[in-house]
Amino acid sequence: MATAARKAPAKSKAKSDTKLSSALSAPAPLDFDKSQELDAYRGMLLIRRFEEKAGQLYGMGFIGGFCHLYIGQEAVVTGLEMSLKDGDQMITAYRDHGHMLAMDMSPRGVMAELTGRRGGYSKGKGGSMHMFSKEKNFYGGHGIVGAQVSLGTGLAFANRYRENDNVCLTFFGDGAANQGQVYESFNMAALWKLPVIYVIENNRYAMGTAVSRASAETDFSHRGLSFKIPGIQVDGMDVRAVKAAGDMAVEWCRSGQGPMILEMQTYRYRGHSMSDPAKYRSKDEVQKMRSEHDPIEQVKARLIEKNWASEDELKAIDKEVRDIVADAADFAQTDPEPDASELWTDIVH
Amino acid sequence: MTRRTMIEAIRDAIDVSMDRDEKVVVFGEDVGFFGGVFRCTEGLQKKYGTHRCFDTPISETGIVGVAIGMGAYGLRPVAEIQFADYVYPGYDQIVSEAARLRHRSAGDFTAPLVIRMPCGGGIFGGQTHSQSPEALFTHVAGLKTVIPSNPYDAKGLLISAIEDDDPIIFLEPKRLYNGPFNGHHDQPVVPWSKHDLGETPDGHYTVPIGKAAVRREGSALTVLAYGTMVHVALTAAEETGIDAEVIDLRTLVPLDVETIVASVSKTGRCVVVHEATRTSGFGAELAAQVQERCFYHLEAPVLRVTGWDTPYPHAQEWNYFPGPDRVGRALKQAMEG
Ligand SMILES: Cc1ncc(C[n+]2csc(CCOP(=O)(O)OP(=O)(O)O)c2C)c(N)n1
Ligand SMILES: [Mg+2]
């Protein structure tokens, strides 16, 4: 995580500006320097390889129940994390493995939670959808669609209350954007000028339902208009565009101007969960996104074009990432299952 | 007659009802185009059109609320909540509106809706895909709560529910969709095609709401169960060799008190079984009913076998699920006690 000195607490100084939402436009993608490109490449690759491995372990029966992979969407969380500083929070739904890796949580701990082992972040009590880390400011991991949006708003309230200038990144999907509590949260966040960035990961589908079949307004950046929350649409497949939008939103929130909406236009390559029959979209559609917009390939092409890394150097990064993932997978298969008595710990009495 | 899985039986019940009555409309998340995550509405949009079988946004409050409005003006909405674990945003509409509309309008309006939802564990679903929230509904005056344990009942009860003028919570134990699960998770699943109750009549028939079924006659003790636990209880009876009478409640509210009282008066012992958590579970109501009505026939305390009072676990499913061993131990204890 980018470390920056804590600034003095921001006081709310914004006045409401009704024209703002329509006046805002997405900033141009940033020019990354070499180390930023390499960081983004490595970060996204770690998520990709981790998810591929999780998919394999699921297929082999090591992971039970539900497991939602983030493959295709890596640029969103990777780019946004690059805009954060110490103390900023993240909260998301059940497609959460990428977010945890981006927040520097240990691949071992995440993978072992998927397999329901002792060393998992929730000691096997949460599974793929429910993991947390106080240390890394990751507030979960939530299986109920839309629920985390209100929680994220409350985290932002706590930031304001504590008079720090941290922001809470609250992620949710295009499908979740239709839950009523999202709009209750928007109103509160705008009313109270809370430092929350609502990141709508529009991957075009909610399970088998395409956006156009469930949403009257398909421009999600407009979803906050009636609350005067500014929003922008961002190419969520381009990590530089994501980082540019992240910088803008973080600055907006830290300076006390209230919430902002970032609609990240992205795509998931795999099924909704591991048991998705994928009958709702064509193979061609998926293939086209993969071959023309892949977030990792984009960075890779730039690195090579600018002579910032050779094929061999990139292979070395891939090897390093694969080793990390292999180690996590080994751990997740060999770490013992929790003792039955764990059923009765962390219980409210 | 056709052998059907519980999924096919449910789909057929909806199909038969849509065919007979054009006021029946069917909707929910992924229900139309996709046919439902468990395929319970597959093909219905093709057959009846998008105006009668359609997708909703992920908006459970709205799904339940609009269903109540539709029903008040004469439609017969059949709404699906994708998993029972997702009903809570719609709970306010169920409790504050659906359950009370008849009473507070002095009978002018009713809420003739069915809210279908897959419930229960046994599929490694963890805490957000395994819950058994029946007691949250049985506790609310003004709702009927139905929970079938097999394809024959599922079809007949669902048709009854759709034709009923009042709000019905229709719980579908998802672990039973494809076969009668007896709790032995390490044994192969028996498909419904090999089970008598997979045999379902074609076309229209009903199973009455409010009538229990005796699944196994016996004289030593009475087991009160519903949903998946009916099959677990039958297996526990076989494995312990205790001559248990196993009653499948089928409807929790209204409860078939008569069948329960007749059985417990005969056997003098009673074990109540459910998957849901214990405290304030529906088993508490059953135990109270038995105590009030059969006290002088009882030769032992009424026992409960339930899920533990913890969230439904991810890694410890089979330590949580009240399988045949746990039920069997309770049967023995009730015989000794
Ligand atoms: C309250 C609630 N309703 C329904 C579901 C079932 N469900 C899980 S994920 C999902 C789709 C959500 O889609 P989206 O918000 O676009 O996120 P994505 O899966 O695309 O990341 C649905 C309907 C749920 N978990 N919670
Ligand atoms: Mg989506």
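Note that the structure is a prediction, hence the values are computed from the model and not measured.

Chemist: Residue-level account of the confidence of the model for chain B, with values.
Modeler: Here chain B shows a mean pLDDT of 97. Residues at 70 or above account for 100%. Our summary of model confidence lists the complex with pTM equal to 0.95 and ipTM equal to 0.94.

Chemist: Provide a residue-level description of the interface of chain B and chain A, including the pertinent values.
Modeler: On the chain A side, the residues contacting the 29 residues of chain B number 33 residues. Along the contact surface separating chain B from chain A lie one salt bridge. The residue aspartate 55 of chain B makes a salt bridge to arginine 213 of chain A at a minimum N-O spacing of 2.6 Å. Where chain B packs against chain A, one counts nine residue pairs in polar contact (both at pLDDT 80 or more). Of the residues assigned to the side of chain B that touches chain A, the class counts are 14 nonpolar, 10 polar and five charged.

Chemist: Give a description of the domain arrangement of chain B that names residues and reports values.
Modeler: Residue and element names in this part refer to chain B. Domains assigned within chain B are domain 1 (2–200) and domain 2 (213–336). Between the C-alpha centres of domain 1 and domain 2 there is a distance of 25 Å. Listed as interface residues are 34 residues of domain 1 and, on the opposing side, 28 residues of domain 2. Both faces considered, domain 1 and domain 2 share a buried interface measuring about 2,500 Å² in area, 60% of it formed by carbon and sulfur atoms. The three residues of domain 1 that bury the most area against domain 2 are Phe124, Glu134 and Ile147, which together make up 19% of that side's buried surface. Two residues, arginine 250 and aspartate 153, come together in a salt bridge whose shortest N-O distance is 3.0 Å. Where domain 1 packs against domain 2, one counts 15 residue pairs in polar contact (both at pLDDT 80 or more).

Chemist: Outline the pairing of strand S6 (residues 231–235) of chain A, supporting the account with residue identities and numerical values.
Modeler: Residue and element names in this part refer to chain A. Both S6 and strand S7 (residues 260–265) contribute to a ladder of five bridges, which runs parallel. Residue glutamine 233 lies in a different strand from S7, and its bridge partner there is glutamate 263. Crossover S6 to S7 through helix H9 (residues 239–254) is right-handed.

Chemist: Kindly report on the pattern of salt bridges, identifying the contributing residues and their values.
Modeler: Residues and elements named next belong to chain A. Scanning the model with the defined rule gives 41 salt bridges over all chains in all. Linking arginine 302 and glutamate 37 is a salt bridge whose minimum nitrogen-to-oxygen distance equals 2.6 Å. Taken as a pair, arginine 302 in helix H11 (residues 295–305) and glutamate 37 in helix H2 (residues 34–59) lie far apart in primary sequence, 265 residues in all. In this pair, the class of arginine 302 matches that of glutamate 37, namely buried.

Chemist: Which residues make up the packing of aromatic side chains, and what values do they have?
Modeler: Tallied over the entire structure, the rule returns 25 aromatic pairs over all chains. When the ring of phenylalanine 181 of chain B is compared with that of tryptophan 318 of chain B, the centres are 5.9 Å apart and the planes differ by 50 degrees; the resulting orientation is tilted. Taken as a pair, phenylalanine 181 of chain B in the loop between strand S7 (168–173) and strand S8 (199–200) and tryptophan 318 of chain B in helix H11 (residues 317–320) lie far apart in primary sequence, 137 residues in all. An angle of 65 degrees between the planes, with centres 5.7 Å apart, marks the rings of phenylalanine 181 of chain B and phenylalanine 321 of chain B as edge-to-face. Of this pair, phenylalanine 181 of chain B sits in the loop between S7 and S8 while phenylalanine 321 of chain B sits in the loop between H11 and helix H12 (324–336), and the two are 140 residues apart along the sequence. Exposure remark for phenylalanine 181 of chain B: the relative accessible area of 4% places this residue in the buried category. For phenylalanine 321 of chain B, a relative accessible area of 3% corresponds to the buried category. Among the aromatic residues, those joined into a cluster by ring pairs are Phe66 of chain A together with Phe38, Phe83, Tyr86 and Tyr177 of chain B.

Chemist: Which residues make up the side chain of serine 130 of chain B, and what values go with them?
Modeler: Residues and elements named next belong to chain B. Along the chain, the position of serine 130 falls in the loop between strand S5 (114–119) and helix H6 (134–138). Relative accessible area serves as the criterion here: at 1%, serine 130 is assigned to the buried category. Excluding its chain neighbours within four sequence positions, the residues that come into contact with serine 130 are Asp85, Gly120, Gly121, Gly125, Lys174 and Tyr312.

Chemist: Kindly report on the coordination of the magnesium ion (ligand 2), identifying the contributing residues and their values.
Modeler: All names here are of chain A. Within the protein, the atoms that donate to the magnesium ion (ligand 2) are Asp174 (OD), Asn203 (OD1) and Tyr205 (O), at distances of 2.1 to 2.2 Å. Between consecutive donor residues of the magnesium ion (ligand 2), the sequence gaps follow D-x28-N-x1-Y. On the criterion of sequence distance, the pair formed by aspartate 174 in the loop between strand S2 (168–173) and helix H7 (180–191) and tyrosine 205 in strand S4 (residues 205–206) is long-range, its members being 31 residues apart. On the basis of relative accessibility, which here comes to 3%, the residue aspartate 174 falls in the buried class.

Chemist: Pulling in residues and values, what's your account of the UniProt feature "domain: Transketolase-like pyrimidine-binding" (unreviewed entry) in chain B?
Modeler: In the numbering used here, UniProt assigns the "domain: Transketolase-like pyrimidine-binding" (unreviewed entry) feature to residues 4–179 of chain B. Between the C-alpha atoms that bound residues 4–179 of chain B the distance is 10 Å, and the span itself is 38% helix and 16% strand.

Chemist: Tell me about the site of ligand 1, and please be specific about residues and values.
Modeler: Taken together, 20 residues surround ligand 1, and among them Tyr94, Arg95, Ala176 and Asn203 of chain A together with Glu60 of chain B come closest. Surrounding ligand 1 are residues belonging to chains A and B, so the site spans chains. Contact distances for ligand 1 include 3.0 Å between a nitrogen atom and a backbone N or O atom of valine 145 of chain A. Tyrosine 205 of chain A is positioned such that a nitrogen or oxygen atom in its backbone is 2.9 Å from an oxygen atom of ligand 1. When the free accessible area of ligand 1 is taken as 580 Å², the share hidden by the protein chains comes to 96%.

Chemist: If you had to explain the pairing of S7 of chain B to someone new, which residues and values would you point to?
Modeler: Residues and elements named next belong to chain B. Extensive coverage of S7 is indicated by the burial of six of its six residues. Alternating positions in S7 separate into two faces, Ile168, Phe170 and Glu172 on one and Ile169, Leu171 and Pro173 on the other, with burial throughout. Of the strand pairs in this sheet, S5 and S7 are connected by six bridges, and their pairing is parallel. Each bridged residue has a counterpart across the sheet, and for isoleucine 115 the counterpart in S7 is isoleucine 169. Note: strand S6 (residues 144–146) against S7, three bridges, orientation parallel. Opposite lysine 144, over in S7, you have isoleucine 168 as the bridge partner. Between the parallel pair S6 and S7, the chain is carried across by helix H7 (residues 151–163), and the sense of this crossover is right-handed.

Chemist: With reference to specific residues and values, describe the environment of threonine 251 of chain B.
Modeler: Residue and element names in this part refer to chain B. With respect to the element layout, threonine 251 can be found in strand S12 (residues 251–253). Expressed as a C-alpha distance, the spacing of threonine 251 and proline 208, which sit 43 residues apart in the sequence, is 9.1 Å. Excluding anything up to four places from it in sequence, threonine 251 contacts Thr145, Val146, Leu157, Ile209, Gly210 and Lys211. There is a polar contact of 2.9 Å between the side chain of threonine 251 and the backbone nitrogen of glycine 210.

How each quantity is defined
Residues numbered from 1 in each chain as written. Chains lettered and ligands numbered in written order. Predicted model: local features only at pLDDT ≥ 70, side-chain atom pairs only at ≥ 80, totals over all residues. Heavy atoms only, no water. pLDDT = per-residue confidence, 0-100. Contact = heavy atoms within 4.5 Å. Salt bridge = Lys/Arg side-chain N within 4 Å of Asp/Glu carboxyl O. Polar contact = N/O pair within 3.5 Å; in protein donor to acceptor, adjacent residues only side chain to side chain. Nonpolar A, V, L, I, M, F, W, Y, C, P; charged D, E, K, R; others polar. Domains from an automatic or database assignment. Buried area = accessible area lost by both parts, 1.4 Å probe. Pairing = 2+ DSSP bridges. Helix = DSSP H or I, 4+ residues; strand = E, 2+ residues; numbered from the N terminus. Right-handed = clockwise from strand over helix to strand, strands pointing away. Buried < 20%, exposed > 50% of the residue type's maximum accessible area, 1.4 Å probe, protein only. Phe/Tyr/Trp six-rings, centres within 6.5 Å; stacked < 30°, edge-to-face > 60°. Donors = N, O, S within 2.8 Å, 3.2 Å for Na, K, Ca; no water. UniProt positions renumbered as here; feature names shortened; annotations may be inferred. Near = heavy atom within 4 Å. Areas by Shrake-Rupley, 256 points an atom, 1.4 Å probe, with all protein chains shown as cover.

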